[in-house]
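Residue-level listing of the chains:
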Amino acid sequence: MKTFIAAFLIWTLASPRDNCLSAWPTHTACKSGNLEVLYQSCDPSQDFGFSFDQCSKEIKPNLSIKFGLILREDIKELFLDVALFVKGVSFLNFSYPICEEDLPKFSFCGRRKGEQIYYAGPVNNPGFEVPEGEYQALLELYDEKRFVLACANATIIRS
Amino acid sequence: MAPTSLAGILITAMAFLSCLRPESWDPCVQVVPNITYQCMDQALNRIPDNIPTSAKILDLSFNPLKHLSRRSFSNFSELQVLDLSRCEIKIIEDDAYQGLHNLCVLILTGNPIQSLALGAFSGLSSLQKLVAVEINLEYLEDFPIGHLKTLKELNVAHNSIKSLKLPDYFASLHNLEHLDLSNNQIQNIHHKDLKVLHQVPLLKLSVDLSLNPIEIIEPGAFREIKLHELTMRSNFNSKDVMKTCIQGLAGLKTDRLVLGEYKNERNVEKFDKFVLEGLCNLTIEEFHVAHFDYFSENTIDSFNCLANVSAISLVSLNLDDPSYFLNNFRGQQLKLVNCRSNVFPQLRHLPLKKFVYTENKGVSTFQNIELPNLEFLDLSNNGLSFKQCCSHIHLGTNKLMHLDMSFNDVINIGKNFLGLEKLEYLDFQHSTLKGINQFSVFLPLKNLYYLDISYTHTHVDFYGIFSGLISLQVLKMAGNSFQDNNLPNIFTELANLTFLDLSKCQLQQISLKAFNSTPRLQLLNMSHNNFMLLDTLPYKLLYSLQVLDYSFNHIVASKGQELQHLPNIVSLNLTRNEFACSCEHQSFLQWVKDQQQLFVEVENMLCTTPLYMQGMPLLSFRNTTCGMSKTAIGVSVFMVLMVSVVVFLIYKFYFHLMLLAGCKKYHRGGSTYDAFVIYSSQDEDWVRNELVKNLEEGVPRFQLCLHYRDFIPGVAIAANIIQEGFHKSRKVIVVVSRHFIQSRWCIFEYEIAQTWQFLSSRAGIIFIILQKIEKSLLRQQVELYRLLNRNTYLEWEDNALGRHIFWRRLKKALLDGKPWNPEETEDSENNHQEATTSN
């Protein structure tokens, strides 16, 4: 009995804290007849909200999006990396600067850790038609110190 | 269970726990020992008590502390920075921060504060920066900070403040430099709101009012007020409101006025040249305009009354051709960033000292400018092409010190910077340079200390490329290429060089003298090249070299000289190479282990070969295995040698050993002779020279019975044969030859031998065939023929190997059946006899 209790105590005290968060839920950013966009936060510290106003296979230029997030680091400068994949093979990568240090374009630039940012407005995208198929996208927002503020795995299904 | 035993178990468990978690500051992370502690997002609901009192920086953000009671931080008297962002704090009691005499920065962002005691911030006698963003603050009057006389920065952005009324306590905040009131609910600004600034001018104060929905600024509100900076972006809902509000700013003196909008916030639709005419009543030193969507050409004409401001920057505006305005500008600094225009502005005879023209779209070709006072020119990120570059003719100045032409299109270097000898800083990165290999383009630039030609598609094949750069300290030339992928001796005049970046240059070799003339080099980046070995010999004269980066190469090991040529190195990066962790390179691997502290991310230096070590850290290589395998190989070779020597010796001295061991003790028993030899006299030569010599003089020594020597004279031959030959011999050797068969005596002797053998059961007969005999001849002796067909016989071969085998077999046959003593001899021979007969 004594041995059993000792073993149990040691086991409970020594076992690591339950750090492994279950993955964030998958959200639907857009769903219509032939286009469905799903995303899931890949930042272990938080989930975030995202949607866009128009949901059809023909993506219009300057799409309006909504995006809300609580900052976990100051953002003097902010960058967005997007990587697109088909069946695990990367076919398009681009990096886009969002916030410059001097007279930034967007009002959320320069905000500090702990602040909530909310963006509702257009993105500077060209118009195009989504070809049929299933695509994966990895989006990452990071600051000048390469601290990741938001990260999302998205799936785009065009039927 | 007895309480004592339970206590014992607990103590054991605690001891075990303390071994597992030596960090007593758990769950926080110690960033800098005794100074910086990071406890962000650890679900703490109270302030941890295991942080050392010496801590200076404490991050408690994203923990549900909820309530700050009296003297919550009294343990941390050394604290300088305290981050309490998003701690769900609703109540801050009196004296909550009492004891924090050294605190400089307090961050309260994102706390839904409902109750803030009047004495909440008491005791913060050194506080310089207070960030109170998103804390539900409605009135600045209610914010109990009047006693914080050291305060330099107050950030109350993103609250619900409705009035710019600066409370009287601002009169005592003499050090205040930044007041951020952006993103509040301020609509009206009245004269009385800024009364305190009339009474006690805060000359260093910068105020940010951006994102407030301002509708009215009472005229005269800012009269006689001097601010360091005023920022108003996205404040107005219409151009009329904007116009009257800007008129309301009349009388303001400021070093810097920032007007503009944000792309994602409220925007003024339509713009005309009257909107900004109120600016003529302000005294402005620097004027910045950012992101007006509907800004137009004729608006800029209203800037004419700003012709005397010293600096203007225009960011993200649509300016088709701002030349008219710009050519009336009398200031010294001009910045045009991210503007859409069709032509490069024509700039002639302006007193500009600094001109920044970056990230502009729509312009493709650079036009010559004429700015005689220009010292600083930044033309980066425009995608411009330069047909001719660069001399004072193109830039119209002799005073230029800083020239940035990076991130453009093609730049043709046709002139060698004639008239631009004062240049100190030159940046061409990511533009395509043409003509740089034709002649020494940098020859006159004796003052240049910084040169960046990274990623300029330069293929260096001209050794005089850097001639004349005697003051150069920093040279960046990553992403270019060299003839034969060999770094030639091109730095001969760069005696002052301290920083050199040669990454991504596809380099495979370095010429031995490449660095002989750069004794001051401190940092060298050789990463992302194609080096196979770490060769430090070319660096033998670089006594100042401190940082060497060889990451992302294909380095297998070093060339063996290691550190002897890098005496002052402090950082060596060899990560992401292809190390061979084999015994062949054990001296290199041992060197890495011994000098670990020099290496960047030494644990990330991974092996590529051999296969079983692939992906394992180089540090995990054990060179004891090398020693072991050497010993193993040595021992096994020695063993094999020994065994073969022993086997050889045993073979060679088989008979000696047998005699020594006594296992076949040589004993003639009752017989005088070992063998009686029957042979033809024709073969006597062979018998004398070979048989007698080998058997009577070798080991073991046999005694043969030979008729010419051992027969007793005077006795009949037949009697001698029987008496001396058969009777006294153990065995009979029959030397069969043609002569033997033809000799009557021989046949006689042989037949007697057979008979004798049969009768006395004594000796075995050993046949030696001396020479090949025709079968017909042999058939004459039917008995002999039959016997030879049935029995094993020895055949004489006249060659070295054949002889050797012959004598060994014969000796063995003679030793055969030779037991210990006479009694046994008898028995065994009887048995043998029986066996033969049964055959």
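Residues numbered from 1 in each chain as written. Chains lettered and ligands numbered in written order. Predicted model: local features only at pLDDT ≥ 70, side-chain atom pairs only at ≥ 80, totals over all residues. Heavy atoms only, no water.

Colleague: How should I be thinking about the packing of helix α10 (residues 684-697) of chain B against helix α17 (residues 800-815) of chain B in this particular structure?
Modeller: When two helices pack together, their arrangement is given by the angle between the helix axes and by the axis-to-axis distance. Residues and elements named next belong to chain B. The geometry of α10 relative to α17 is characterised by a closest axis approach of 11 Å and an angle of 65 degrees between their N-to-C directions. Viewed along their axes, α10 and α17 form a crossing whose handedness is right-handed. Across the interface between the two elements, Trp686, Glu690, Leu691, Asn694 and Leu695 of α10 pack against Arg803, Phe806, Trp807, Leu810, Lys811 and Leu814 of α17. Here the residues of the contact of α10 with α17 sort into seven nonpolar, one polar and three charged. (Axes fitted to C-alpha atoms, helices over the stretch in contact; angles between N-to-C directions. Helix = DSSP H or I, 4+ residues; strand = E, 2+ residues; numbered from the N terminus. Left-handed = near helix turned anticlockwise from the far one by under 90°. Contact = heavy atoms within 4.5 Å. Nonpolar A, V, L, I, M, F, W, Y, C, P; charged D, E, K, R; others polar.)

Colleague: What exactly am I supposed to notice about the packing of aromatic side chains here?
Modeller: Two measures describe an aromatic ring pair: the distance that separates the ring centres and the angle between the ring planes. For the coordinates displayed, the defined rule picks out 35 aromatic pairs over all chains. On the basis of an interplanar angle of 5 degrees and a centroid distance of 5.8 Å, the ring pair of B:Phe73 and B:Tyr97 is categorised as stacked. Pair noted here: B:Phe73 is in the loop between β4 (67-68) and β5 (81-83) and B:Tyr97 is in the loop between β6 (91-92) and β7 (105-107), with a separation of 24 residues, a long-range link. Just as B:Phe73 is buried, B:Tyr97 falls in that class too. A connected cluster of aromatic rings, assembled from ring pairs, spans B:Phe417, B:Phe428, B:Phe442, B:Phe466, B:Phe491, B:Phe515 and B:Tyr539. A cation over an aromatic ring shows up here: A:Arg72 above the ring of B:Phe62, its NZ or CZ 4.1 Å from the ring centre. Residue placement shows B:Arg688 over the ring face of B:Tyr708; its charged tip is 4.1 Å from the ring centre. (Phe/Tyr/Trp six-rings, centres within 6.5 Å; stacked < 30°, edge-to-face > 60°. Buried < 20%, exposed > 50% of the residue type's maximum accessible area, 1.4 Å probe, protein only. Lys NZ or Arg CZ within 6 Å of the ring centre and 35° of its normal.)

Colleague: What is the right way to read empty space enclosed by the protein from this model?
Modeller: Residue and element names in this part refer to chain B. A complete count under the given rule lists three cavities of 30 Å³ or more for this structure. A volume near 50 Å³ is recorded for the largest cavity. Residue lining of the largest cavity: Leu164, Leu166, Leu194, Leu197, Val207, Leu209, Phe222, Leu227 and Leu230, and that is the complete set. Each residue belonging to the lining of the largest cavity can be placed in one class, and the counts come to nine nonpolar, no polar and no charged. (1 Å grid on protein atoms, 1.4 Å probe; cavity = no way out; pocket = protein on both sides within 12 Å on 5 of 7 lines; lining within 4 Å. Points joined across faces, edges and corners; volume = space filled by probe spheres on them.)

Colleague: Would you mind showing me how to read the pairing of strand β20 (residues 354-358) of chain B here?
Modeller: Every regular strand shows the same layout, with side chains that alternate between the two sheet faces. All names here are of chain B. The element β20 is extensively covered by neighbouring structure, given that four of its five residues are classed as buried. Pairing between strand β19 (residues 333-337) and β20: five bridges, direction parallel. Paired with Gln333 across the two strands is Lys354, which belongs to β20. As paired strands, β20 and strand β21 (residues 376-378) are joined by three bridges and run parallel to one another. By the bridge assignment for β21, Phe355 is matched with Leu377. (Pairing = 2+ DSSP bridges.)

Colleague: In this structure, what is going on with the nonpolar core? I would like to understand it.
Modeller: In summary, soluble globular proteins display a tendency toward joint burial of nonpolar side chains. Of all hydrophobic cores here, the largest spans 188 residues; its most connected members are B:Leu84, B:Tyr97, B:Phe442, B:Phe466 and B:Phe515. In terms of residue count, the dominant contributor to this core is helix α7 (residues 586-594) of chain B (four residues). Once residues within four sequence positions are removed from consideration, B:Leu84 is found in contact with B:Leu60, B:Ser61, B:Leu65, B:Leu68, B:Phe73, B:Ile89, B:Tyr97, B:Leu106, B:Ile107, B:Leu108, B:Thr109 and B:Asn111. One finds A:Leu63, A:Phe67, A:Cys99 and A:Ala152 within the second-largest nonpolar core, a separate group that totals 35 residues. (Core = buried A, V, L, I, M, F, W, Y, C linked by side-chain atoms within 4.5 Å.)

Colleague: Help me understand the confidence of the model for chain A, please; the structure alone is not making it clear to me.
Modeller: For any part of a model where pLDDT is low, the fine detail of the predicted coordinates should not be relied upon. The pLDDT averaged across chain A works out to 81; a share of 86% of its residues lies at or above 70. Here residues 1-21 of chain A is modelled with pLDDT under 50, and outside its nearest four sequence neighbours on either side it reaches 21 contacts, counting other chains as well. (pLDDT = per-residue confidence, 0-100.)

Colleague: Please explain the state of the cysteines as it appears in this structure.
Modeller: Disulfides are covalent bonds that connect the sulfur atoms of two cysteines. All names here are of chain B. Applying the stated criterion across every chain yields a total of six disulfides over all chains. Note that Cys28 is cross-linked by a disulfide to Cys39, the S-S spacing being 2.1 Å. Because the sign of the S-S torsion sets the handedness, a value of about 110 degrees for the bond joining Cys28 and Cys39 places this disulfide among the right-handed ones. Residue Cys28 is found in the loop between α1 (3-20) and β1 (29-32), and its partner Cys39 is found in the loop between β2 (36-38) and β3 (57-59); the two are separated by eleven residues along the sequence. For Cys28, a relative accessible area of 6% translates into the label buried. Residue classification places Cys39 among the buried residues on the basis of a relative accessible area of 0%. Between the sulfur atoms of Cys581 and its disulfide partner Cys607 the distance amounts to 1.9 Å. (Disulfide = S-S within 2.5 Å.)

Colleague: For this particular structure, what's the right way to read α10(B)?
Modeller: The periodicity of an α-helix, 3.6 residues per turn, causes residues three or four positions apart to be oriented the same way. Along its length, α10(B) reaches its greatest deviation from straightness, about 35 degrees, at B:Leu691. Contacts from the buried residues of α10(B) go to β41 (673-678), β42 (704-705), α11 (707-710), β43 (729-736), β44 (765-769) and α17 of chain B. (Bend = angle between axes of the 7 residues up to and from the residue.)

Colleague: Before we go on, may I ask you to explain the UniProt feature "transmembrane region" (unreviewed entry) in chain B in this structure?
Modeller: Under the feature "transmembrane region" (unreviewed entry), the UniProt entry names residues 632-655 of chain B. When the span residues 632-655 of chain B is considered, its composition is 96% helix and 0% strand, and the gap between its end C-alpha atoms is 35 Å. (UniProt positions renumbered as here; feature names shortened; annotations may be inferred.)

Colleague: Even after reading the chapter, I still don't get unusual backbone geometry, so can you show me in this structure?
Modeller: Excluding glycine, a negative phi dihedral is what most residues carry, and trans is how most peptide bonds are arranged. All names here are of chain B. The peptide bond linking Cys389 to Cys390 adopts the cis configuration, its omega dihedral lying at 0 degrees. Within the fold, Cys390 resides in the loop between β22 (386-389) and α6 (392-395). Geometrically, the link from Thr609 to Pro610 is a cis peptide bond, its omega value of -10 degrees lying close to zero. Considering the arrangement of structural elements, one finds Pro610 in the loop between β40 (607-609) and α8 (624-652). Even without being glycine, Ser234 reaches a positive phi, approximately 55 degrees. As for its placement among the helices and strands, Ser234 is situated in the loop between β15 (226-233) and α3 (239-248).

Colleague: Before we go on, may I ask you to explain the environment of B:His739 in this structure?
Modeller: Residues and elements named next belong to chain B. Tracing the backbone through its elements, the reader meets His739 in helix α13 (residues 738-742). Residue His739 is classed as partly exposed on the basis of its relative accessible area, which comes to 26%. For the pair His739 and Gln682, spaced 57 residues apart in sequence, the C-alpha to C-alpha distance is 6.5 Å. For His739, the contacting residues outside a window of four places in its chain are Ser680, Gln682, Asp683 and Gln771.

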